[in-house]
Structures are given as C-alpha cells and as structure tokens.
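These are the residues of each chain, in order.
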Amino acid sequence: DTAVSQTPKYLVTQMGNDKSIKCEQNLGHDTMYWYKQDSKKFLKIMFSYNNKELIINETVPNRFSPKSPDKAHLNLHINSLELGDSAVYFCASSQTTGTGGYTFGSGTRLTVV
Amino acid sequence: AQSVTQPDIHITVSEGASLELRCNYSYGATPYLFWYVQSPGQGLQLLLKYFSGDTLVQGIKGFEAEFKRSQSSFNLRKPSVHWSDAAEYFCALSGGGADGLTFGKGTHLIIQP
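Source: prediction; values computed, not measured.

Peer 1: Just give me the short version of the pairing of strand β5 (residues 32–38) of chain B, but keep the residues and values in it.
Peer 2: All names here are of chain B. The buried fraction of β5 amounts to seven of the seven residues, a majority that puts the element mostly inside the structure. Covered by surrounding structure in β5 are Tyr32, Phe34, Tyr36 and Gln38 together with Leu33, Trp35 and Val37, the residues of both alternating faces. The sheet contact formed by β5 and strand β10 (residues 87–94) spans seven bridges and is antiparallel. Note on β10: the bridge partner recorded for Leu33 is Leu93. Pairing geometry for β5 and strand β6 (residues 45–50), over five bridges, is antiparallel. In the sheet register, Leu33 faces β6, and the bridge partner there is Tyr50.

Peer 1: Give a detailed account of the packing of aromatic side chains, specifying residues and quantitative values.
Peer 2: Inspection of every chain in the model, using the stated rule, returns 17 aromatic pairs over all chains. Residues Tyr50 of chain B and Phe67 of chain B carry aromatic rings whose centres are separated by 4.6 Å and whose planes lie at 25° to one another, so their mutual orientation is stacked. Here the residue Tyr50 of chain B occupies a position in strand β6, and Phe67 of chain B occupies one in strand β8 (residues 64–68), the gap between them amounting to 17 residues. A single burial state applies to Tyr50 of chain B and to Phe67 of chain B, both of which are buried. An angle of 50° between the planes, with centres 5.7 Å apart, marks the rings of Phe63 of chain B and Tyr89 of chain B as tilted. Taken as a pair, Phe63 of chain B in the loop between β7 (56–58) and β8 and Tyr89 of chain B in strand β10 lie far apart in primary sequence, 26 residues in all. Of the two residues, Phe63 of chain B and Tyr89 of chain B, both sit in the buried class. Chaining the aromatic ring pairs together yields one cluster made of Tyr33, Tyr35, Tyr102 and Phe104 of chain A together with Tyr32, Phe34, Tyr36, Phe51, Phe90 and Phe103 of chain B. One residue, Lys105 of chain B, lies across the ring of Phe42 of chain A, its end atom 5.9 Å from the ring centre.

Peer 1: Quick rundown of the nonpolar core? Include the residues and the values.
Peer 2: Core analysis: the biggest nonpolar cluster contains 26 residues, and Leu19, Trp35, Leu47, Leu48, Phe74, Leu76 and Tyr89 of chain B have the highest contact counts within it. Mapped by element, the contributors of at least two residues to this core are β2 (10–14), β3 (19–21), β5, β6, β8, β9 (73–78), β10 and β12 (107–112) of chain B. If you tally residues by element for this core, the top one is β10 of chain B, at four residues. Dropping the residues within four chain positions of it, Leu47 of chain B is found in contact with Trp35, Tyr36, Val37, Gly59, Ile60, Lys61, Phe63, Leu76 and Tyr89 of chain B. Membership of the second largest hydrophobic core comes to 19 residues, among which are Met32, Leu76, Leu81 and Cys91 of chain A.

Peer 1: Describe the environment of Phe34 of chain B, and please don't skip the residues or the numbers.
Peer 2: All names here are of chain B. On the secondary structure map, Phe34 appears in strand β5. Taking the relative accessible area as the measure of exposure, Phe34 reaches 0% and is therefore buried. Here the alpha-carbon distance between Phe34 and Asp8, two residues 26 residues apart in the chain, equals 17 Å.

Rules behind the numbers
Residues numbered from 1 in each chain as written. Chains lettered and ligands numbered in written order. Predicted model: local features only at pLDDT ≥ 70, side-chain atom pairs only at ≥ 80, totals over all residues. Heavy atoms only, no water. Buried < 20%, exposed > 50% of the residue type's maximum accessible area, 1.4 Å probe, protein only. Helix = DSSP H or I, 4+ residues; strand = E, 2+ residues; numbered from the N terminus. Pairing = 2+ DSSP bridges. Phe/Tyr/Trp six-rings, centres within 6.5 Å; stacked < 30°, edge-to-face > 60°. Lys NZ or Arg CZ within 6 Å of the ring centre and 35° of its normal. Core = buried A, V, L, I, M, F, W, Y, C linked by side-chain atoms within 4.5 Å. Contact = heavy atoms within 4.5 Å.

Set out below in structure tokens:
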C-alpha cells in the first residue's frame, strides 16, 4: 500500500506542451503539497492545499496550477512548458498541524526538450 | 523569513566511522525539525523528527539528532556508518500549519571503503 503515489514517474515532453502530474494519498491527511527539486537537488515548496485554502509560493509562475478533486488527490497542471521546468516534482501530504510529519511520493522526473 | 543551513555540501566518511551532519536554522520560535534521506533516483524518506520534549531524538537506521536551542542547531549523528548510508541528507523545518517544509540545500554523504 503506497501512502503517497504519483504518476507518471517519468515525463518527457516538448516545449510549449501542457501536462499534468497526478498525486493521491491514502493516509487520511488533510493537507497536500507540491515541491520542486532542481538540478542541484534543492527542494522548494510550490503549493500547499487543504480543503480551506491554497497557499501559493509567490515565485511559482502562474503556468503552474494545482487542482484538487477531493481531499486525497492533488494534481499539478503545467501549461506552456519551458526548458527551465525540467526538474523532479514531489507530492507530499500531512495533517495540517504538521506534527505527524510529512510523507513524500517517489517523485516525477519531468524533462522538457 | 525562516531558513535552514547545511554548511557541508559534501562529506566523505570511512565505513565504520562515526558521522555528524550539521544543520542550523533560523525561525522566530521553536520549529518542528526533520531529517530526510534521499538515495539516488529515489524519493524522500523521513529519518527522524523533533517537535518538543526530549532534545535527543532517535530515528530509523541507527540515526539520532540533537536539538540545541541555544545554537539553533539540529545535527544528525550515527555512531558507525555503512556503505548503504551513502545518499543525500536534507534537514528541514516547519512552523506547523499548512506551510509545509523549508529545506536546507542538502549534504551529499560519500562512504569510503
């Protein structure tokens, strides 16, 4: 039973395309997140979302948009992909308090060519 | 603004030797503190976490960390490393709520035979 699962694991696409990455958690957590890990392995939060609010990192381009059909899913849509979007994207979840820790998915490696 | 500093980008340790990875943080109160490990091509695995109470925290795989408020530090230690410990190690903090994690830039651990 995978706690936080992401699909696809690898995604290769051309510049200008629109793509989505899906994330699902079965932990009963009420908050989900998207992180970006760049080529230097630096991890930065992009979004956090629970059923009450979306918190957006101000540095994230508006080509990126999270969409949550329900509490267990948080998908990431990316429009007009650029070369600089190539990275590993991690989904994570937690209880809003954060005291239970944060559980990460295995990541999606996005390559824009 | 909150931040996490891992001063050592790379550390090389002989197998069987002891290990200490440094982590310093900046936060206006006592944060929640975490250590994660990432093996090549893998996701993030939680090693241990500190929320309150005993400042010496035990984690998985024989790791421990000590929270020192006066030094704003949360250093990770292991008495005897194994070749399988070679990986990227990330220190992170959270203020709780839905803010998610702020990561340090990571320390790449190399194990010499």
